[in-house]
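# Survey of secondary and tertiary structure
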Amino acid sequence: MNKKIELLAPAGDLERAKVAIRFGANAVYLGGKRFSLRSRASNFEISDIKEACDYAREYGAHIHVTINIIPHDEDFDGLEGYLKELENAGVTAVIVASPTIIQTVKKVAPKLEVHLSTQMSTTNLKAIEYYQRLGVDRIVYARECNLEEVCMISKNSPVPTEAFIHGGMCVNYSGRCTLSNAMTLRDANRGGCAQSCRWKYHLIQGEKEISKEDCLFSMSSKDLMAVDVLYDLMDANVASLKIEGRMKSAYYIASVVHTYRKAIDEIAQTEKPLDAERLEYYANELSKAENRPTSIGFYRGLPTAKAHLYGINGAGVTHDFVGVVMAYDQDSQIAKVQVRNVFGCGYELEVFGPHIDNEAFVVDSIINSDKENIEVANQPMTIVEVKIPFIVEPQDLIRRK
Amino acid sequence: MEFIVTVEKIEDINLFCEAGATVLLFCDEFHGTRAPSKFKQEELIEAFGKTQELGLKVAVYMNRIYTDKELEQAEEYMKFLKEHGVAFIYYNDPAVYILAESLGLVGHLVYEPDTLMTNSRDMQFVLDQGIHHAVLSTEITLDEMKEMCINVHGNTEAILFGYLNMSYSKRHLIQNYCDEIGADNTCVNKMNCVLIESTREGKMPILEDEQGTHIFTDYILDAFDEFKVLKDTGLKSMRIDGIFLPRDLVVDACKAFVMIDLGMDSEVIRKKFEEKYSEYPFSKGYMYQKTNLVK
């Protein structure tokens, strides 16, 4: 069993990278302003990436950078210099989807590991053999692999493997879709995916409409949630477990990373699969983040209708993120809290953080920055004082049911 | 110039030969997908023989993305293809390349990874591995195609006619949808299904088969005018993909390209062709349209 399996989290900016690391990610992947998919979530300048690397190092964590566009000839300008900058910044690995970029990394920035992106749809050992010859250091599976395939490959693969465990799923083989290109002129393989698969369509056969007006055809996949198979993945020596979601909030990152961290650590300690009660507990914990509805993806076989969204695409959020602890005075038990969403006196809130699990308390008073008692904290990013009857730490997060 | 045409029926082979095709592209029931039809092994043997008797080359789709279990069948199939003198094997999964090495078939491979062949350098990389040629992605512009043809040392192919594949899902998307709404799925392996986005009018062919679900453009690419330009920049092979199209239209398209190759005016030929088949949605696709927006 790989007890030291890597928990790999996404980050759309420096704040989220730090949150992911603080909440237990062993590595964070992020995108620079060029060469990366999810370009709207790629806000990292080299200076930010260096800061993320320095921060990660303090926690024994690593930074991976996505260079996972399917490049056109015009896209290579500046690549070599960028790779050298990443290497100098202390980046551990780049996630790549082009043989040319793989070769360029090996030539100009050899300290960087090359991780083959899921865009390359790797589903078998012979494909891994092919990419190993190119010098690839890790393979990210296609999300179309089932659990049996992932376990068999990981046990026999000559290079370490990485599997998705949580987050959004392309309904198509990643990288093999140009719906967005056709419908919006936004290149799905160069950071512009408009998620046209999630739109509504009439399905017609011959002259007859098969689709129903009140529930049109759609190709929207539920998000992946794979806590059920964590034990199997660890037992199969998968090297890294990946959470999708560079567009997601800091609260989402914290909630999801924290939950998987605890689940992985529990499995590593017991060396047993999670029982039904613990699985339910972790599933509940994950539902506190703003997920879209979830499914097990391909891990238990081809996804059925239950793994798709046809009507409402909304999230089933059970908790709202309301604040961040900025400071805490143990003598007075007063916490300074940065308000993120509304809460008021009498609300039952829950604190969670790297060293605290879901401790609940009832708000009995709120004092604003003018030292006035207020009933409701409803001004985002302002600092208020709240009594919390147990020890909390700066950057712990507060949520309400 | 190789004129490559996909084949729906064995009885059409003569017609394509007469139209000037030089390579006929077939698809079996398991290893290939996104073809006008799928042939059983005994039908393939007949088709290969007939094609070769006419002096044409045989090509096959082997564009499945394989699991390890399926690769055993892949190896057997490749031995079968070698035995029957198949000239070109279109592949998508690099596992096929590894198998081809051990079977001495690398020189027969044609790399067609759909969306991934968008630049000269990646194309040169795969060509340098000894394969016969690679296929340009369809979502690139004419200028980009020209640049790739000029830059690359080796053989290149472009799909210049037909509906273009836009997406490939391993999921059985129509089956799942029918299950959701409680309808019978009558669409499997059927060529008469389309999607229409709810705010638009274009009809996008959708095909569900054993390998998953495939969606195509709401237009038929007809790059008659661009063909000569590409040939002049070094394009060695062009394909007419007849999926979802009637045989006569595909035959006429093949004749049209051959005539252009012989020096006839492409504009005249294109206009005549589009007039004859005026009910079809022809387009230049991405030839003059970049798709590099991100927001």
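Quick caveat: nothing in here was measured; it's all calculated off a predicted structure.

## Considering the overall build of chain A
- Along its length, chain A carries 10 helices and 24 strands.
- The globule rule puts the C-alpha radius of gyration for 401 residues at 21 Å, and the 22 Å found for chain A is close to it.
- Burial analysis of chain A (401 residues in total) assigns 53% to the buried set.
- Taking contacts inside chain A between residues at least 6 apart in sequence as the whole, the part at least 24 apart equals 65%.

## Considering the nonpolar core
- Judged by nonpolar contacts, the single largest core of 226 residues is most densely connected at A:Val28 and B:Leu24.
- Considering every element that reaches this core, the biggest residue donor is helix α9 (residues 250-270) of chain A, with 11 residues.
- Taken domain by domain, this core gets at least three of its residues from each of domain 1 (6-193 + 220-309) and domain 2 (320-400) of chain A.
- Sequence-distant contacts of B:Leu24, defined by excluding residues within four places in its chain, comprise B:Val5, B:Val7, B:Ile13, B:Phe16, B:Thr51, B:Leu56, B:Val58 and B:Ala59.

## Regarding helix α8 (residues 224-232) of chain B
Residue and element names in this part refer to chain B.
- Buried within α8 are the following residues: Phe224, Glu226, Phe227 and Leu230. With its buried residues spanning 140° around the axis, α8 presents them on a single face.
- Looking at the buried positions of α8, the neighbouring elements they touch are α6 (142-151), β7 (155-169), β10 (212-222), β11 (237-240), α9 (247-261) and α10 (266-276).
- Gly234 sits one or two residues past α8 and shows a positive phi near 115°.

## As for the confidence of the model for chain B
- With 99% of its residues at a pLDDT of 70 or more, chain B shows a mean pLDDT of 96.
- Among the scores for the predicted complex, ipTM is 0.95 and pTM is 0.93.

## Some thoughts on the interface of chain B and chain A
- With 57 residues of chain B at the interface, the matching set in chain A holds 59 residues.
- Breaking the side of chain B that touches chain A down by element, the ones donating at least two residues are α3 (68-83), α4 (94-103), α5 (120-127), α6, β7, α7 (173-181), β8 (193-197) and β10 of chain B.
- No other element matches α7(B), which puts 7 residues into the side of chain B that touches chain A.
- Partitioning the side of chain B that touches chain A into residue classes produces 26 nonpolar, 16 polar and 15 charged.

## A word on the sheet that holds strand β23 (residues 383-387) of chain A
Residue and element names in this part refer to chain A.
- Overall, antiparallel pairing links the 8 strands, which are arranged β19-β18-β24-β15-β16-β23-β20-β21 in an open sheet. Of all strands in the sheet, those bounded by a partner on one side alone are β19 (356-362) and β21 (373-374).
- When strand β18 (residues 348-353) meets strand β24 (residues 397-400), the two strands line up antiparallel, connected through 4 bridges. Paired with Val351 across the bridge in β24 is Ile398.

## Quick look at the pairing of strand β3 (residues 57-62) of chain B
Residues and elements named next belong to chain B.
- In terms of residue burial, β3 counts as a mostly covered element, since 5 of its 6 residues are buried.
- The pairing of strand β2 (residues 23-27) with β3 spans 5 bridges and is classified as parallel. Across the sheet, the residue bridging to Cys27 is Tyr61, located in β3.
- Viewed along the sheet, the connection from β2 through helix α2 (residues 41-53) into β3 turns out right-handed.
- Pairing analysis gives 4 bridges linking β3 to strand β4 (residues 88-91), with the strands arranged parallel. Following the sheet pairing, Tyr61 is matched in β4 by Tyr90.
- Crossover connection from β3 via α3 to parallel β4: handedness right-handed.

## Focus: the packing of helix α5 (residues 125-133) of chain A against α4(B)
- Two numbers describe how α5(A) lies on α4(B): the axes approach to 7 Å, and their chain directions differ by 85°. Viewed along their axes, α5(A) and α4(B) adopt a mutual orientation that is roughly perpendicular. On α4(B), the residues that touch A:Lys126, A:Ala127, A:Glu129 and A:Tyr130 of α5(A) are B:Pro94, B:Ala95, B:Tyr97, B:Ile98 and B:Leu99.
- When its residues are assigned to classes, the contact of α5(A) with α4(B) shows 7 nonpolar, no polar and 2 charged.

## Some words on the packing of α3(B) against α4(B)
Residues and elements named next belong to chain B.
- Where α3 meets α4, the closest approach of the two axes is 10 Å, and the angle between their N-to-C directions is 50°. One way to sum up the angle between α3 and α4 is to call them oblique. For the element pair α3 and α4, the recorded crossing hand is right-handed. Residue-level contacts link Leu71, Ala74, Glu75, Met78, Lys79 and Lys82 of α3 to Ala95, Val96, Leu99, Ala100 and Leu103 of α4.
- When its residues are assigned to classes, the contact of α3 with α4 shows 8 nonpolar, no polar and 3 charged.

## What about the environment of A:Lys222?
All names here are of chain A.
- Mapped onto the elements of the fold, Lys222 is located in the loop between β10 (220-221) and β11 (223-225).
- Spatially, the C-alpha atoms of Lys222 and His166 are 11 Å apart, while their sequence positions differ by 56 residues.
- Once residues lying within four places of it in the same chain are set aside, the contact partners of Lys222 are Arg292, Pro293, Thr294, Ser295, Ala307, His308 and Leu309.

## Some points on the domain arrangement of chain A
Residues and elements named next belong to chain A.
- When the domains of chain A are assigned, the result is domain 1 (6-193 + 220-309) and domain 2 (320-400).
- Centre-to-centre separation of domain 1 and domain 2, based on C-alpha positions: 33 Å.
- The partner domain 2 presents 6 residues to the 7 residues of domain 1 that form the contact.
- Broken down by element, the residue count for the side of domain 1 that touches domain 2 peaks at 3 residues, all from α9.
- Of the residues belonging to the side of domain 1 that touches domain 2, the class tally is 3 nonpolar, 2 polar and 2 charged.

## Topic: helix α1 (residues 14-22) of chain A
Residue and element names in this part refer to chain A.
- When you tally the buried positions in α1, you get 7 out of 9 residues, the bulk of the element.
- Turning to α1, its buried residues number three or more, namely Arg16, Ala17, Lys18, Val19, Ala20, Ile21 and Arg22.
- Buried residues along α1 sit against β1 (6-10), β2 (27-31), α2 (46-58) and α9.
- Just downstream of α1 lies Gly24, where phi reads positive at about 120°.

## Brief notes about the pairing of strand β9 (residues 204-209) of chain B
All names here are of chain B.
- Counting buried residues in β9 gives 5 out of 6 residues, a clear majority hidden from the surface.
- In the sheet, β8 pairs with β9 via 2 bridges, with the strands oriented antiparallel. Following the sheet pairing, Leu195 is matched in β9 by Met204.
- Remark: 6 residues form the turn of the hairpin made by β8 and β9, two consecutive strands paired antiparallel.
- Pairing of β9 with β10, which is carried by 4 bridges, proceeds in the antiparallel orientation. For Leu207, the partnering residue across the bridge sits in β10 and is His214.
- Hairpin connection from β9 to β10: 2 residues lie between these consecutive antiparallel strands.

Parameters and conventions
Residues numbered from 1 in each chain as written. Chains lettered and ligands numbered in written order. Predicted model: local features only at pLDDT ≥ 70, side-chain atom pairs only at ≥ 80, totals over all residues. Helix = DSSP H or I, 4+ residues; strand = E, 2+ residues; numbered from the N terminus. Rg over C-alpha atoms; globule rule 2.2 N^0.38 Å. Buried ≥ 20, exposed ≤ 12 C-beta atoms within 10 Å, placed from the backbone. Contact = placed C-beta atoms within 7 Å. Core = buried A, V, L, I, M, F, W, Y, C linked by C-beta atoms within 7 Å. Domains from an automatic or database assignment. Arc of directions from axis to C-beta. pLDDT = per-residue confidence, 0-100. Nonpolar A, V, L, I, M, F, W, Y, C, P; charged D, E, K, R; others polar. Pairing = 2+ DSSP bridges. Right-handed = clockwise from strand over helix to strand, strands pointing away. Axes fitted to C-alpha atoms, helices over the stretch in contact; angles between N-to-C directions. Parallel < 35°, antiparallel > 145°, perpendicular 65-115°, else oblique. Left-handed = near helix turned anticlockwise from the far one by under 90°.

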